[in-house]
Amino acid sequence: MKQTEIKDLASLDKQIGLLEQKKMIMEERLANNWSYLKSDYGTMIRKTVFKDMQQEGRGSFFYWLFKIPEFQSSIGRTAEKLTIKLENLLGKWIDKIAD
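Residues numbered from 1 in each chain as written. Predicted model: local features only at pLDDT ≥ 70, side-chain atom pairs only at ≥ 80, totals over all residues. Heavy atoms only, no water.

Draft legend 1. Layout of the overall build of the chain. When its secondary structure is counted, the chain shows four helices and zero strands. Listed by position from the N terminus, the elements making up the chain come as α-α-α-α. Going through the 99 residues of the chain one by one, you find that 16% of them count as buried. Of all intrachain contacts in the chain linking residues separated by at least 6 positions in sequence, the fraction that spans at least 24 positions is 45%. Total accessible area on the chain stands at roughly 8,600 Å², and carbon and sulfur atoms take up 59% of it. (Helix = DSSP H or I, 4+ residues; strand = E, 2+ residues; numbered from the N terminus. Buried < 20%, exposed > 50% of the residue type's maximum accessible area, 1.4 Å probe, protein only. Contact = heavy atoms within 4.5 Å. Areas by Shrake-Rupley, 256 points an atom, 1.4 Å probe, with all protein chains shown as cover.)

Draft legend 2. Molecular detail of the pattern of salt bridges. Evaluation of the coordinates by the stated rule reveals one salt bridge. The partner of Lys 23 in a salt bridge is Glu 27, with the nearest N and O atoms 4.0 Å apart. Of this pair, Lys 23 and Glu 27 both sit in helix H1 (residues 9-50), four residues apart, roughly one helical turn. The partly exposed category is assigned to Glu 27, whose relative accessible area is 45%. (Salt bridge = Lys/Arg side-chain N within 4 Å of Asp/Glu carboxyl O.)

Draft legend 3. Structural detail: a nonpolar patch on the surface. Nonpolar side chains collect at one region of the surface, where Leu 86, Leu 89, Leu 90, Trp 93 and Ile 97 lie side by side and expose about 510 Å² of accessible area between them. With respect to the helices and strands, the residue Leu 89 is situated in helix H4 (residues 77-98). The exposed category is assigned to Leu 89, whose relative accessible area is 55%. (Patch = residues over 30% accessible without salt bridge, like charges linked within 9 Å, V, L, I, M, F, W, Y side chains within 5 Å.)

Structure representation (structure tokens):
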């Protein structure tokens, strides 16, 4: 930040006004960033936990787990559907917490 020479009360008032303007701009920017974070919090958490889960859980950790032949044969398609529903339910639950 550059320093300006303050010679009298008028220049002091001018600098105070400029600083107040900068403060208001920074507060507005902070409020906008906070709103953005709150609106996207659920999505960020979901993407972090489920690594970009796709429609119906394809590409998610749970889907990958069911691609293992031994695991898939022991549990079956019903468990896969239940797990996908659980993953979607967890995603909705995270969204509710974020709001």
